[in-house]
Amino acid sequence: MSAVKNIVLVHGGFVDGSGWQSVYRLLTQDGFKVSVVQNPTLSLEGDVAATHRALDALDGPAVLVGHSYGGAVITEAGRHDKVAALAYIAAFAPDKDESVGTLVADPAPGAPVPPILPPKDGFLFLDRHKFAASFAGDLPAEDAAFLADAQVPWGLDALGGTITEPAWRTRPSWYLVASDDHMIPPPVQHRMAERAGATVAEAAASHAVYVSRPAAVAELIKQAAAGRA
């Protein structure tokens, strides 16, 4: 695979695309053309459509990058003909007929359980008082508090949206494991990465690794763009 210059960043649940800002800056400084998808997070189908619109607008191949639930989005959207590679950042990488909901339905004994509140009007939120510890434990307290208070409602249809055919079966993939993640346990991240045949790196970071460790995230994306391990 020749070097790719387009990068498309897809955010996860509970947050919007603004968290990619530092990663965006690092990549654009290195000459990449970077697009940030603002998922509606109402349904997986809708988020895939939003991602496809971003890909349609590009003039060449791209690395498609997803954080958290964004990994499910890129797994479904990544069969688009402009996707050259996938990069998962502490993200879900479901298989055919799986959803984020099925992947989190049966946590291992002792694994951290995200503090997701009961659904309200078809949407999910994290308990804002527990947000920092579960999602952003390595961010300054005021930054974690902002993320908690700026939460995006996450639709049940996004949580339950199933994969028709995983793009990682036909696209090379890279995976950055966050080793202090209390949302997606690191052993689960490793298993999904191995199943996808991904090239794996690891960063000592919380689930908000894309905010707290942007250089590590940008480096993995650059490796994917260059097609190297």
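Before reading on, note that the structure itself is shown above.
Residues numbered from 1 in each chain as written. Predicted model: local features only at pLDDT ≥ 70, side-chain atom pairs only at ≥ 80, totals over all residues. Heavy atoms only, no water.

**Section: the packing of aromatic side chains**
Phase 1 of the analysis: If you walk through the whole model with that rule in mind, you get five aromatic pairs.
Phase 2 of the analysis: Their ring planes at 15 degrees and their centres at 5.9 Å tell us that Y88 and Y175 sit as a pair that is stacked. Of this pair, Y88 sits in strand β4 (residues 83-91) while Y175 sits in strand β7 (residues 173-178), and the two are 87 residues apart along the sequence. The pair formed by Y88 and Y175 is uniform in burial state, with each residue classed as buried.
Phase 3 of the analysis: Here a set of aromatic residues connected by ring pairs shows up, and it is made of F14, Y69 and W154.
Phase 4 of the analysis: Above the face of the F32 ring, K5 is positioned so that its terminal group lies 4.3 Å from the ring centre. (Phe/Tyr/Trp six-rings, centres within 6.5 Å; stacked < 30°, edge-to-face > 60°. Helix = DSSP H or I, 4+ residues; strand = E, 2+ residues; numbered from the N terminus. Buried < 20%, exposed > 50% of the residue type's maximum accessible area, 1.4 Å probe, protein only. Lys NZ or Arg CZ within 6 Å of the ring centre and 35° of its normal.)

**With respect to the sheet that holds β7**
Phase 1 of the analysis: The six strands lie next to each other as β2-β1-β3-β4-β7-β8, forming an open sheet whose pairing is parallel. Each edge of the open sheet is held by one strand with a lone partner, namely β2 (33-37) and β8 (199-203). In this sheet, neighbouring strand axes are inclined to one another by 20 degrees on average, regardless of whether the strands run parallel or antiparallel.
Phase 2 of the analysis: One ladder, built from five bridges, connects strand β1 (residues 6-10) with β2; its direction is parallel. When the sheet's bridge partners are listed, V10 is paired in β2 with V37.
Phase 3 of the analysis: Each of β1, β3 (62-68) and β4 touches helix α3 (residues 70-77); the most contacted strand, β3, lies at about 145 degrees to it.
Phase 4 of the analysis: Sheet strands touched by helix α8 (residues 186-195): β4, β7 and β8. Its angle to β7, the strand with the most contacts, is close to 170 degrees. (Pairing = 2+ DSSP bridges. Axes fitted to C-alpha atoms, helices over the stretch in contact; angles between N-to-C directions. Contact = heavy atoms within 4.5 Å.)

**Brief notes about the packing of helix α1 (residues 21-29) against helix α10 (residues 214-226)**
Phase 1 of the analysis: Packing of α1 against α10 brings their axes to within 9 Å, and their N-to-C directions diverge by 50 degrees. The angle between α1 and α10 falls in the class oblique. Read as a crossing pair, α1 and α10 show a hand that is right-handed. The segment α1 lies against α10, with S22, V23, L26 and L27 engaging P214, A215, V217, A218, I221 and K222. (Parallel < 35°, antiparallel > 145°, perpendicular 65-115°, else oblique. Left-handed = near helix turned anticlockwise from the far one by under 90°.)

**Here's the deal with α3**
Phase 1 of the analysis: Among the eight residues in α3, eight count as buried, and that is most of the element.
Phase 2 of the analysis: Among the residues of α3, those classed as buried are G70, G71, A72, V73, I74, T75, E76 and A77.
Phase 3 of the analysis: For α3, the secondary structure elements touched by its buried residues are β1, α2 (44-56), β3, β4 and α4 (100-103).

**Observations regarding the packing of α2 against α3**
Phase 1 of the analysis: Running from N to C, α2 and α3 cross one another at 65 degrees; their axes reach a closest spacing of 9 Å. Comparing their axes, α3 and α2 come out roughly perpendicular. The chirality of how α2 crosses α3 is right-handed. Listed contacts from α3 to L44, D47, V48, T51, H52 and L55 of α2 are A72, V73, E76 and A77.
Phase 2 of the analysis: Its residues placed into classes, the contact of α2 with α3 shows six nonpolar, two polar and two charged. (Nonpolar A, V, L, I, M, F, W, Y, C, P; charged D, E, K, R; others polar.)

**Regarding the side chain of S43**
Phase 1 of the analysis: By secondary structure assignment, the location of S43 is in the loop between β2 and α2.
Phase 2 of the analysis: If we ignore the near neighbours within four places in the chain, the residues touching S43 are Y69, D157 and A158.

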